[in-house]
Amino acid sequence: KQKANSSNESLSTCQTYTKKKHLLKAENSQEVPAINGNRDVVKAKPTNKMDSGSAKDSPSLAKPKSKKVATDKNLNGTKSNGKGCKEKKKNGNILKEKGDIKHKRRKAEEHAEQQPKEAEIWFDDVDPKDIEAAIGPEAAKIARRNLGLETGQSGQSVEQVLVKEKASEGLTRAVAMDCEMVGVGPKGEDSIVARVSIVNQFGKCIYDKYVKPTEEVTDYRTAVSGIRPENISTGEDFKTVQKEVADILNGRILVGHALRNDLKVLFLDHPKKKIRDTQRYKPFRQRVKNSRPSLKLLCERLLNVQVQTSEHCSIQDAQAAMRLYTLEKKKWEAALKSKSNNKNCK
């Protein structure tokens, strides 16, 4: 019995040792016993490595297919994503381009081919910025050159900038006036009219007369006025000039610079709603940052021309005022009309 018990204990110990050996071997080789009780084992795949075909072999690991946005292929290889944009591949990247860009480019090319001739563009009532927006930069460049606004422009004389060469020489709806004055009184501080000049809307002179003095002149102010004794000694009678000027101005828009002084020496009045004074026009004052800008300053900044460099000329001063007015005419008149309508509504 002792031998039998000893033999059974040895067998049990041997079986236990064998089982432990198999278990250790299974752990080292990552073998898992089959569920059905067979002694065969199934090798488990390493969890830290995946071969290239694992996604196909294991459907549960494959990612679900995302929904594709419906696209329409065009003949040129671009795709439309249904949002009014086009997608084009370039160097592996997708570039989006708005559908109307090509249309704009085509329009720009058409404008470039149909550039207007220089002779067809002049300054009447048109701001170069408006020309650029409507026609294009080339047309605006021509307009600025005609206006003397182009940077570095020196080919045109002051007269070419201020006067339209081929234009009517008669009366127009708007006229510009300027007067030259001389001094009277003990110190020559008071003023009387010595010359009156009027130009039409195109800068053409329609009236220019020297005026015979009504008082003794104590200061001819020649350095500024350009008036000399011989000019006014044979001049027109004041009353005649006054009447002729009044007839011209009647019912017309009167343009000028500091017109209050000109009307004062002529002893004339003019309806306020028909006066266009370049010194008092607010947008001009804002542009040059001056509450009472001189005509010379306005011409330098806005027309790029030099006036009143020596003795003044009433014809040129009237032309300069008219040129400033025609440059801004549309906006100026629209602002006055709007102001008038607002008053009527009240």
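One can find the structure itself at the top, above this paragraph.
The rules we used
Residues numbered from 1 in each chain as written. Predicted model: local features only at pLDDT ≥ 70, side-chain atom pairs only at ≥ 80, totals over all residues. Heavy atoms only, no water. Helix = DSSP H or I, 4+ residues; strand = E, 2+ residues; numbered from the N terminus. Buried < 20%, exposed > 50% of the residue type's maximum accessible area, 1.4 Å probe, protein only. Contact = heavy atoms within 4.5 Å. Areas by Shrake-Rupley, 256 points an atom, 1.4 Å probe, with all protein chains shown as cover. Pairing = 2+ DSSP bridges. Polar contact = N/O pair within 3.5 Å; in protein donor to acceptor, adjacent residues only side chain to side chain.

J.: Got a minute to help me understand the overall build of the chain in this structure?
T.: What the chain contains, in helices and strands, is 13 helices and 12 strands. In the chain, which comprises 346 residues, the share counted as buried stands at 32%. Long-range pairs, those at least 24 residues apart, make up 54% of the contacts in the chain between residues at least 6 apart in sequence. In the form shown here, the chain has an accessible surface area of approximately 24100 Å², with 50% of it arising from carbon and sulfur atoms.

J.: When you look at unusual backbone geometry in this model, what are you seeing that I'm missing?
T.: Peptide bonds are mostly trans, and most non-glycine residues show a negative phi. If you check the backbone angles, A258 has positive phi at about 55° while not being a glycine. Inspection of the secondary structure puts A258 in the loop between β11 (253–256) and α10 (259–266). The buried category is assigned to A258, whose relative accessible area is 15%.

J.: It is not clear to me how the pairing of strand β9 (residues 205–210) should be interpreted in this structure. Could you clarify?
T.: For a regular strand, the rule is simple: side chains alternate between the two faces of the sheet. Pairing between strand β8 (residues 190–199) and β9: five bridges, direction antiparallel. Counted as the bridge partner of I198 is Y207 from β9. Counting the residues in the hairpin turn of β8 and β9 gives five residues, including G203, whose phi is positive at 85°.

J.: Is there a simple way to explain the side chain of E328 in this structure?
T.: Inspection of the secondary structure puts E328 in helix α13 (residues 314–345). On the basis of relative accessible area, E328 is assigned to the buried category, the value being 4%. There is a polar contact of 3.5 Å between the side chain of E328 and the side chain of Y281. Leaving out residues up to four positions away in the same chain, E328 has contacts with Y281, P283, F284 and R287.

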